[in-house]
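Coordinates in review
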Protein chains: 2
Amino acid sequence: MSFFPSALDELVEKFASLPGVGMKSAQRLAFHILDLPEEEARAFAAAIVKARETVHTCKICQNLTDADECAVCRSQTREAGVICVVASPKDVAAIERAHEYNGRYHVLHGVISPLNHIGPDDIRVRELVDRVAAGGVSEVIMAMNPDTEGETTAKYISRLLKPFGVKVTRLAYGIPVGASLEFADDATLMRALEGRQEI
Amino acid sequence: MSFFPSALDELVEKFASLPGVGMKSAQRLAFHILDLPEEEARAFAAAIVKARETVHTCKICQNLTDADECAVCRSQTREAGVICVVASPKDVAAIERAHEYNGRYHVLHGVISPLNHIGPDDIRVRELVDRVAAGGVSEVIMAMNPDTEGETTAKYISRLLKPFGVKVTRLAYGIPVGASLEFADDATLMRALEGRQEI
């Protein structure tokens, strides 16, 4: 039984349904909402509705956008023949921040993960194959996280794409810039040695 | 610069404005909202507006309620002559859960805290004094947290109330039920000794 007004209980419940938010935090957040000026509380609610209503996936690259096609896919200055495949829109943001890549993207919205019952049909693999099959693509760069699921997904996709005669690459593994060799883990060191380059 | 649609950025910003929510968490929460069925996202937004609109403070005890007077203040079976003073509505909920107290409450919505520039006029002290001045109150129980600010607030209020000839008490300090003496801190042990009772 609760000792708060039902509208407050409902709000606590909503917050508690968010990932990583427990009952205590949900209560704290709900109390914060009560303390907001009414206008700001309304703006918060409006932002939720607006984001949910206007943001959807780009029909080409599956990245998040509020248009039919995202800015990268519409751009005339970005190489159309290179596709960087990532697991999530956050990865697109990370790569864009590096200001180094000038091709297109493909967002899978997940990785293949048998343990979590996520198969190739649960992520946007088909859309990628269709893009490559449509022609004009020379290289597909796999940019999944360097973990088992990421590698499995990259291998699976590269096998699907090879028949189209497209070059499939992946991001280099190695020592992160600025890190200490001393603290690098064995797997990273091994990969860095394997991928050593002439200078 | 952001690489997300503006509506998503705005939602991330809103979440990040909540207490204890950093940018990373805000992003995670905003992405979760995008993944919700549209109906659930709307229900979330509606819960925010509804809570903010319908929940306010009881005009007698200042606890949160969606009515003019809260259920405790309206109750015919609760002792009207005993008022338990707490800092926050959460404390009312905690005391109610104990099923031991049958009086009324008064919620201060904060404690006196010079360091945070919160003085007696910033919390609901006046409303309490008015209640006691109106008569019919025999005992006021201070139930603030046993820290410096809580004790300062309790002492300040008890000084204000003494002239009305009302009995002012505070919750007992001591070893929490189920705790180990071994791990009790010095201050608690001292208080427990001071407050020892004959058995």
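Just above sits the structure.
The following refers to the structure shown.

Cut-off values and rules
- Residues numbered from 1 in each chain as written.
- Chains lettered and ligands numbered in written order.
- Predicted model: local features only at pLDDT ≥ 70, side-chain atom pairs only at ≥ 80, totals over all residues.
- Heavy atoms only, no water.
- Axes fitted to C-alpha atoms, helices over the stretch in contact; angles between N-to-C directions.
- Helix = DSSP H or I, 4+ residues; strand = E, 2+ residues; numbered from the N terminus.
- Parallel < 35°, antiparallel > 145°, perpendicular 65-115°, else oblique.
- Contact = heavy atoms within 4.5 Å.
- Least-squares fit on C-alpha atoms with pLDDT ≥ 70 in both.
- Left-handed = near helix turned anticlockwise from the far one by under 90°.
- Nonpolar A, V, L, I, M, F, W, Y, C, P; charged D, E, K, R; others polar.
- Buried < 20%, exposed > 50% of the residue type's maximum accessible area, 1.4 Å probe, protein only.
- Pairing = 2+ DSSP bridges.
- Right-handed = clockwise from strand over helix to strand, strands pointing away.

Some details on the packing of helix 3 (residues 38–54) of chain A against helix 3 (residues 38–54) of chain B
- Helix 3 of chain B packs onto helix 3 of chain A with a crossing angle of 175 degrees between their chain directions and a minimal axis gap of 9 Å. Between helix 3 of chain A and helix 3 of chain B, the interaxial angle falls into the category roughly antiparallel. The residues of helix 3 of chain B that touch helix 3 of chain A, namely those facing Glu38, Ala41, Arg42, Phe44, Ala45, Ile48, Val49, Arg52 and Glu53 of chain A, are Glu38, Ala41, Arg42, Phe44, Ala45, Ile48, Val49, Arg52 and Glu53 of chain B.

Quick notes on the relation of the copies chain A and chain B
- The two copies are related by a screw operation: chain A maps onto chain B through 180 degrees of rotation and 0.0 Å of translation along the axis, at an RMSD of 0.1 Å. Given the turn and translation reported, the copies of this chain are related as if by a two-fold rotation axis. Minimal C-alpha distance to the rotation axis in chain A is attained by Ala45 of chain A, lying at 2.1 Å.
- Of the residues that chain A buries at the interface, 100% are likewise interface residues in chain B, meaning the two copies contact each other through the same surface.

Topic: the packing of helix 3 of chain A against helix 1 (residues 6–16) of chain B
- Orientation of helix 3 of chain A relative to helix 1 of chain B, taken along the N-to-C sense of each, is 145 degrees, at an axis distance of 8 Å. For the pair helix 3 of chain A and helix 1 of chain B, the crossing hand works out as left-handed. Contacts between helix 3 of chain A and helix 1 of chain B involve Ala43, Phe44, Ala47, Ile48, Lys50, Ala51 and Thr54 of chain A on the former and, on the latter, Ala7, Glu10, Leu11, Lys14 and Phe15 of chain B.
- Taken together, the residues of the contact of helix 3 of chain A with helix 1 of chain B break down into eight nonpolar, one polar and three charged.

Observations regarding the pairing of strand 3 (residues 82–86) of chain B
Residues and elements named next belong to chain B.
- Judged by how many residues are buried, strand 3 sits mostly within the fold: five of five residues are covered.
- Of the two faces of strand 3, the one carrying Val82, Cys84 and Val86 and the one carrying Ile83 and Val85 are both buried.
- Where strand 3 meets strand 5 (residues 139–142), four bridges bridge the pair, whose relative direction is parallel. Bridge pairing links Cys84 to Ile141 in strand 5.
- Sheet topology places strand 3 next to strand 4 (residues 104–107); four bridges connect them, and they run parallel. For Ile83, the partnering residue across the bridge sits in strand 4 and is Arg104.
- After leaving strand 3, the chain enters helix 5 (residues 89–97) and then returns to the sheet as strand 4, a path that is right-handed.

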